[in-house]
Amino acid sequence: MLVNSWYAKLLAVRRVTQDNKGKKTAGIDGIKSVCPTDRVKLTQNLKIDGLSKPTRRVWIPKPGKNEMRPLGIPTMQGRAKQTLLKQALEPEWEAIFEPNSYGFRPGRSCHDAIRAIFDSIKYKPKYVLDADIAKCFDKIDHEALIKKLNTFPSFTRQIRAWLKSGVIDFSQWAERKGYSMTEEGTPQGGVISPLLANIALHGMETAIREKYP
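The rules behind these values
Residues numbered from 1 in each chain as written. Predicted model: local features only at pLDDT ≥ 70, side-chain atom pairs only at ≥ 80, totals over all residues. Heavy atoms only, no water. Salt bridge = Lys/Arg side-chain N within 4 Å of Asp/Glu carboxyl O. Buried < 20%, exposed > 50% of the residue type's maximum accessible area, 1.4 Å probe, protein only. Helix = DSSP H or I, 4+ residues; strand = E, 2+ residues; numbered from the N terminus. 1 Å grid on protein atoms, 1.4 Å probe; cavity = no way out; pocket = protein on both sides within 12 Å on 5 of 7 lines; lining within 4 Å. Points joined across faces, edges and corners; volume = space filled by probe spheres on them.

> Sorry if this is basic, but what is going on with the pattern of salt bridges here?
Pairing of side chains with opposite charge becomes possible as their charged atoms draw close. Under the definition given, this model contains 10 salt bridges. Salt-bridge contacts for Asp-119 lead to Lys-122; the nearest nitrogen and oxygen are separated by 3.5 Å. Overall, Lys-122 belongs to the partly exposed group, its relative accessible area being 39%. For Arg-209, the salt bridge goes to Glu-205, with nearest N and O atoms at 3.4 Å. You can see Arg-209 and its partner Glu-205 sitting in helix H8 (residues 204–211), 4 residues apart, about one turn around the helix.

> Whenever I open this one, the layout of surface pockets confuses me. Can you help?
Of the volumes computed, that of the largest pocket is approximately 1,800 Å³. Lining of the largest pocket is provided by 34 residues; of these, Asn-100, Leu-129, Met-204, Glu-205 and Ile-208 occupy positions nearest its centre. Elements represented by at least two residues in the lining of the largest pocket include exactly helix H4 (110–121), helix H7 (193–201) and H8. For the lining of the largest pocket, the element with the most residues is H4, which contributes 6 residues.

> I'm lost on unusual backbone geometry in this one. Help?
The bulk of non-glycine residues show a negative phi, and the bulk of peptide bonds are trans. A positive phi is found at Phe-104, a non-glycine position, where the angle reads about 55°. Relative accessible area serves as the criterion here: at 55%, Phe-104 is assigned to the exposed category. Positive phi is not limited to glycine here, since Asn-150 has a value of about 50°. With respect to the element layout, Asn-150 can be found in the loop between helix H5 (142–149) and helix H6 (153–164). Residue class for Asn-150 comes out exposed when judged on its relative accessible area of 66%.

Structure (structure tokens):
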């Protein structure tokens with residue numbers, strides 16, 4: 001019902017064309033500024049149709065390091081579709097996500113994580129497991145993620161299309177210039193990517209508690 005709602009589509013278009021900080025960064029469609037008339041047209045044509053165009057890869061410096069990290073920038077229509085589908089999927093997953101997950105969660109921040117740590121250690125010493133998941137976004141298994149999503153066939157087709165749409169990169173940091181297929185991972189820079197990453201990581205807290213009671 002939500003992905004077919006006219007008002008949900010309006011909200012999705014507003015978020016990617018007016019509210020989002022990255023609204024002036026163009027994908028392969030070259031669109032980075034959308035006038036009111038075009039916003040209405042985008043809303044009218046917005047639907048979960050299982051189609052996706054490749055993302056444009058840009059490279060940005062890692063904070064405090066001399067390394068560069070890739071961002072995948074979808075087309076403006078792709079961003080609106082991702083926002084629309086995220087609006088439908090996020091409430092379902094927010095209801096079941098583990099209590100001590102704070103990254104990319106609506107209504108949660110670093111301050112909430114700090115408070116949770118303080119409350120956990122203030123009465124007695126605790127062990128801390130510090131684990132860095134190397135290239136988390138880049139290494140997500142597509143089939144495992146889709147199986148875990150276990151959602152409507154139309155949603156599955158659309159998400160698979162996004163995951164498999166490939167990237168176009170002509171920058172000096174590109175391993176292979178031009179179009180490349182994407183066999184794993186979800187693009188950093190995609191609207192729905194943080195939610196998909198959280199879904200992929202869901203269950204980790206339970207697994208750690210079972211392993212180290």
